[in-house]
Amino acid sequence: MEAAHKLARLFYQMWITAGQYSDPGMDYYEQKYQELMLKNLKQKAQALGLELIPISHPTECVS
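Procedures and definitions
Residues numbered from 1 in each chain as written. Predicted model: local features only at pLDDT ≥ 70, side-chain atom pairs only at ≥ 80, totals over all residues. Heavy atoms only, no water. Phe/Tyr/Trp six-rings, centres within 6.5 Å; stacked < 30°, edge-to-face > 60°. Helix = DSSP H or I, 4+ residues; strand = E, 2+ residues; numbered from the N terminus. Buried < 20%, exposed > 50% of the residue type's maximum accessible area, 1.4 Å probe, protein only. Patch = residues over 30% accessible without salt bridge, like charges linked within 9 Å, V, L, I, M, F, W, Y side chains within 5 Å. Areas by Shrake-Rupley, 256 points an atom, 1.4 Å probe, with all protein chains shown as cover. Salt bridge = Lys/Arg side-chain N within 4 Å of Asp/Glu carboxyl O.

Q: Help me understand the packing of aromatic side chains, please; the structure alone is not making it clear to me.
A: The description of an aromatic ring pair rests on the distance of the ring centres and on the angle between the ring planes. If you walk through the whole model with that rule in mind, you get two aromatic pairs. Ring geometry for Y12 against W15: centres 6.5 Å apart, planes inclined by 75°, an arrangement best described as edge-to-face. With a gap of three residues between them, Y12 and W15 both fall in helix 1 (residues 2-16), about one helical turn apart. Classification of W15 by relative accessible area gives exposed; the value is 63%. Relative to Y29, the ring of Y28 has its centre 5.4 Å away and its plane inclined at 75°; by these criteria the two rings are edge-to-face. Classification of Y28 by relative accessible area gives partly exposed; the value is 39%. Taking relative accessible area as the criterion, Y29 reaches 42% and is therefore assigned partly exposed.

Q: Sorry, what's going on with a nonpolar patch on the surface here?
A: Taken together, the side chains of L7, L10, M14, Y21, M26, Y28 and Y29 define a hydrophobic patch exposed on the protein surface, amounting to about 740 Å² of accessible area. Mapped onto the nonpolar patch, the elements with two or more residues apiece are helix 1 and helix 2 (26-47). Tracing the sequence through the fold places Y28 in helix 2.

These values are about where atoms sit, not about what they do.
This is the structure in structure tokens:
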């Protein structure tokens, strides 16, 4: 069902814009996926009474 909805939305956009479609690119979709995963993890943690705390990665020293 979800794929059909996406195709319908794409068709509608192309129809109202006379076929002028611009693909936002892979980086856009990857960023959206990361945001969705983080949102889901936060919701799951909250349901368990937990809190997500971001960690900072230490800078690597190259000798």
